Amino acid sequence: MNILLAAALKVVGVLVFVMANAFMLIWLERKVSGYIQRRYGPLRVGGPAGIYQSAADILKLLAKEDFMPGGADRWLWLLAPVVSMVPAVLVYLVLPIGRTFTLQDLGVGLVFFSSVTSFTLLAIFMAGWGSNNKYSLLGAMRAGAQLFSYEVPLILSTIGVVLIAGSLRLQTIVAAQTQHGWFFFEQIVGFIVFFIASIAELNRTPFDLAEGESEIIAGYHTEYSGMRWAMFMLAEYSNLFTSSALGVALFFGGWHGPWLPGWVWFLLKTYIVVFVGMWIRWTLPRIRIDQLLDLGWKFLLPVSVANILGTALVLMVR
Amino acid sequence: MNWPMVAFLFLAAMVLVSAWRVATTPSITHATLFLATTFAGVAGLFFLLQADFLAAVQLLIYAGAVMAVVIFAVMLSDMRDIEPVRGRGLAAQVASSQFGWLPLAGATVLFVLFMLVYVHAAPGWPKTPVAAAPDSTSYIAGALFGSYALPFEVASVLLLAAMIGAIILTRQEGGRRS
Amino acid sequence: MGLFDRVWNAAKSMAVGHAITIREMFHRPVTVRYPEEKPPFERGSRSVPVLKVNEATGLLNCVACGLCERSCPPSCIEIVQAVDAAGKKKPWPETFELDLSHCMVCNLCIEACPFDALEMADVVELSSYQVQDLIFSKDQLTELWKTSKALRVAGGERI
């Protein structure tokens with residue numbers, strides 16, 4: 001029974017963190033967007049700097065009607081938000097949160113991370129198809145093209161790090177950086193490709209074609225409301241956190257840092273990367289689909305392959 | 001009954017049921033998603049066998065990339081071609097077809113059965129579980145780039161040829177649709 | 001333009017853009033948090049015509065000539081001239097009613113007035129749940145003028 005209890009504790013812990021994280025990030029996103037546009041952001045609902053706005057949002061979403069469009073593909077429509085939560089929760093398994101703290105330090109942590117996140121596409125496809133709405137389907141198609149094109153450079157850009165660290169285990173990669181120095185400095189090309197590709201994987205501006213409001217309403221979650229829509233948002237903000245956390249683990253030394261305990265450094269660095277993501281979101285305009293695919297296939301892919309070759313050559317000569 | 005056994009039964013049931021539904025569901029979209037479930041279940045079985053690299057790659061390549069391609073094929077197809085076949089269960093389809101598929105299907109079933117029996121009876125196959133490798137990634141890498149380097153390279157050349165062939169076959173002649 | 005030029009241009013323009021947004025982020029927001037802090041009235045802004053009082057005599061400037069009543073496009077002003085016991089007309093209004101639910105704040109009454117008896121108040125918080133509450137009497141309009149004047153003395157001069 002012990003193994004079950006431990007597993008249950010981990011699952012509950014991750015779910016609580018996912019909720020708290022989304023709570024914070026939604027508020028942070030509003031504040032960052034507000035101050036960049038020289039507004040205040042939420043203030044009225046209460047709490048320090050209007051932080052109860054997120055709670056009010058959650059209450060509102062809980063109270064909303066769960067409306068299913070006519071002619072929807074019932075099971076696909078009902079299950080899509082649940083499926084979108086699965087990869088969002090599973091990836092916490094391998095994050096190297098502290099020096100000795102990982103929920104399950106798999107030997108193939110990095111590949112596990114990439115493989116689990118590729119499930120997001122299925123959820124988007126289920127939502128887009130199941131909604132019986134042309135805008136949803138268009139959004140799902142765009143998301144499919146986008147996730148598919150950027151998954152390849154995303155994975156290839158991490159291989160440089162794997163070559164230097166000599167392992168796919170995330171704890172080993174972080175530990176290698178404590179002696180070797182952060183991989184950001186040697187793998188800056190890899191980091192840039194990784195960062196661009198991970199923003200594209202997250203469907204965030206400037207790559208938010210899948211839900212471009214001015215073109216296709218809200219893309220694949222046009223027909224969702226209430227808690228089902230909230231689950232999509234929850235998964236999106238959780239993915240924002242986890243992909244930033246992966247970037248920190250691979251390029252910024254994870255929990256490595258002086259004075260403070262490891263997990264504090266890890267969270268601090270992750271939220272800084274999250275902030276940079278928000279900064280980019282509120283600066284750049286949305287790009288066109290052909291520019292998106294050109295960037296993915298004609299620029300990021302060759303650059304990441306060249307990065308792997310260069311890293312391998314340097315390692316061989318050294 | 002121990003927990004790995006429970007997990008195995010659950011995953012096996014998931015694989016079997018969803019594989020059955022892939023063949024019998026009338027809608028190609030549902031078939032696609034059931035196929036994804038099958039792949040995910042197989043990945044779970046690999047995890048259960050502590051073949052974690054294989055499991056992660058199964059998820060990445062089959063449940064991720066191959067499913068993306070299949071989804072693209074579904075979405076880019078003409079909608080009229082992929083209308084679900086309403087009111088035609090498997091029995092009705094079997095009854096209405098001309099039985100032209102029977103020899104091929106029978107041969108396939110016989111072949112698979114024969115292989116299963118052979119695998120079970122042939123010498124040299126370990127029938128008792130062996131201890132799992134602590135880090136299967138390096139073993140797989142050693143095997144792929146060491147003793148099996150030539151077959152690996154041949155397979156990659158074959159895939160490259162297939163890719164070039166696909167590009168040539170789907171290329172529009174003279175930039176115009178024929 | 002070569003590939004490297006294009007990449008360089010993209011990087012440069014993105015750097016410029018991000019520098020602008022992060023700089024804006026640390027500027028003071030331009031938002032005014034309305035009920036707590038109120039922006040000053042712009043010169044020439046209009047909200048509601050009110051009745052002015054002569055500071056020396058304490059009487060209204062209005063002589064009930066009815067020019068504003070006639071110039072009002074939506075006819076929202078209604079004046080009844082005062083009469084004494086003998087039935088002789090007096091130069092002040094008995095009643096002066098302004099229906100703000102009809103008033104379109106066109107400023108024509110003020111332009112028509114030869115005695116400088118009307119002006120636009122600097123008061124905007126006049127909303128009500130009852131449409132009857134939007135019909136302002138002579139006394140209410142005088143009160144509004146006083147409120148507006150007090151606010152204006154605190155907040156600065158106005159034409």
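Definitions and cut-offs
Residues numbered from 1 in each chain as written. Chains lettered and ligands numbered in written order. Predicted model: local features only at pLDDT ≥ 70, side-chain atom pairs only at ≥ 80, totals over all residues. Heavy atoms only, no water. Helix = DSSP H or I, 4+ residues; strand = E, 2+ residues; numbered from the N terminus. Rg over C-alpha atoms; globule rule 2.2 N^0.38 Å. Buried < 20%, exposed > 50% of the residue type's maximum accessible area, 1.4 Å probe, protein only. Contact = heavy atoms within 4.5 Å. Areas by Shrake-Rupley, 256 points an atom, 1.4 Å probe, with all protein chains shown as cover. Lys, Arg positive; Asp, Glu negative; His and termini not counted. Charge placed at Lys NZ, Arg CZ, Asp CG, Glu CD. Buried area = accessible area lost by both parts, 1.4 Å probe. Salt bridge = Lys/Arg side-chain N within 4 Å of Asp/Glu carboxyl O. Polar contact = N/O pair within 3.5 Å; in protein donor to acceptor, adjacent residues only side chain to side chain. Nonpolar A, V, L, I, M, F, W, Y, C, P; charged D, E, K, R; others polar. pLDDT = per-residue confidence, 0-100. Pairing = 2+ DSSP bridges. 1 Å grid on protein atoms, 1.4 Å probe; cavity = no way out; pocket = protein on both sides within 12 Å on 5 of 7 lines; lining within 4 Å. Points joined across faces, edges and corners; volume = space filled by probe spheres on them. Phe/Tyr/Trp six-rings, centres within 6.5 Å; stacked < 30°, edge-to-face > 60°.

Caption draft 1: Quick look at the overall build of chain A. The secondary structure content of chain A amounts to 13 helices and 0 strands. Here the C-alpha radius of gyration of chain A, 20 Å, is about what a compact globule of 318 residues would show, namely 20 Å. With the C-alpha coordinates of chain A rotated into their principal frame, the extents come out at 65 × 50 × 45 Å. Within the span of chain A, comprising 318 residues, buried residues form 57% of the whole. At a minimum sequence separation of 6, the contacts of chain A that also span at least 24 residues come to 75%. Carbon and sulfur atoms provide 72% of the accessible area of chain A, an area that totals close to 13500 Å². In chain A, the 21 positive side-chain charges and the 17 negative ones have mean positions that sit 7 Å from each other.

Caption draft 2: Spatial organisation of the interface of chain C and chain A. Contacts between chain C and chain A engage 17 residues on the former and 15 residues on the latter. Both faces combined, the contact of chain C with chain A buries some 1600 Å², and carbon together with sulfur accounts for 67% of it. Taken together, chain C and chain A are joined by 2 salt bridges. Two residues, R44 of chain A and E36 of chain C, come together in a salt bridge whose shortest N-O distance is 3.3 Å. Across the contact surface, chain C and chain A share 7 residue pairs in polar contact (both at pLDDT 80 or more). A breakdown of the residues in the side of chain C that touches chain A according to their chemical character gives 8 nonpolar, 5 polar and 4 charged.

Caption draft 3: Summary view of the confidence of the model for chain C. Residue and element names in this part refer to chain C. Counting all residues, the mean pLDDT for chain C is 84, and 96% of those residues have values of 70 or more. Highest mean pLDDT in chain C belongs to strand β5 (residues 135–136) (90); lowest belongs to helix α4 (residues 138–155) (79). Taken over the whole predicted complex, pTM reads 0.79, whereas the ipTM for its chain interfaces reads 0.78.

Caption draft 4: Up close: the sheet that holds strand β3 (residues 89–99) of chain C. Residue and element names in this part refer to chain C. The strand order across the open sheet built from 3 strands is β2-β3-β5, with neighbouring strands paired in antiparallel fashion. Lying at the two open borders of the sheet, with one neighbouring strand each, are β2 (77–83) and β5. Bridge count between β2 and β3: 6 bridges; the pairing is antiparallel. Bridge pairing links Q81 to P93 in β3.

Caption draft 5: Quick peek at the interface of chain B and chain A. Counting residues at the interface gives 26 residues for chain B, matched by 29 residues for chain A. Between chain B and chain A, roughly 2300 Å² of surface is buried when both sides are summed, and carbon and sulfur atoms account for 85% of that area. Inspection of the chain B/chain A interface yields 2 residue pairs in polar contact (both at pLDDT 80 or more). Counting residues per element, the ones that place at least two in the side of chain B that touches chain A are α2 (28–48) and α3 (52–76) of chain B. Broken down by element, the side of chain B that touches chain A gets its largest block of residues, 16 residues, from α3 of chain B. Residue classes in the side of chain B that touches chain A are distributed as 21 nonpolar, 4 polar and 1 charged.

Caption draft 6: Region of interest: empty space enclosed by the protein. All names here are of chain A. Under the criterion given, the structure shown has 4 cavities of 30 Å³ or more. Quantified by volume, the largest cavity comes out at close to 100 Å³. Along its surface, the largest cavity is lined by 15 residues, and F195, S198, I199, L202 and S244 are the ones closest to its centre. Those elements that place two or more of their residues in the lining of the largest cavity are α9 (188–201), α11 (226–251) and α12 (262–281). Split by residue class, the lining of the largest cavity holds 7 nonpolar, 6 polar and 2 charged.

Caption draft 7: A look at the packing of aromatic side chains. Under the definition given, this model contains 22 aromatic pairs over all chains. Between Y220 of chain A and F232 of chain A, the ring centres sit 5.7 Å apart and the planes meet at 70°, which makes this aromatic pair edge-to-face. Remark: F232 of chain A occurs in helix α11 and Y220 of chain A occurs in the loop between α10 (213–216) and α11; sequence separation between them is 12 residues. On the basis of relative accessible area, Y220 of chain A is assigned to the buried category, the value being 6%. Its relative accessible area of 6% is what places F232 of chain A among the buried residues. Centroid distance F114 of chain B to Y118 of chain B: 6.4 Å. Interplanar angle 25°. Geometry classified as stacked. Here Y118 of chain B and F114 of chain B lie together in helix α5 (residues 102–121), a separation of 4 residues that amounts to about one turn. With relative accessibility at 52%, the residue F114 of chain B sits in the exposed group. Of the residues examined, Y118 of chain B reaches a relative accessible area of 48% and is grouped as partly exposed. One aromatic cluster in this structure is built from W182, F184, F185, F191, F194, F195, F251 and F252 of chain A.

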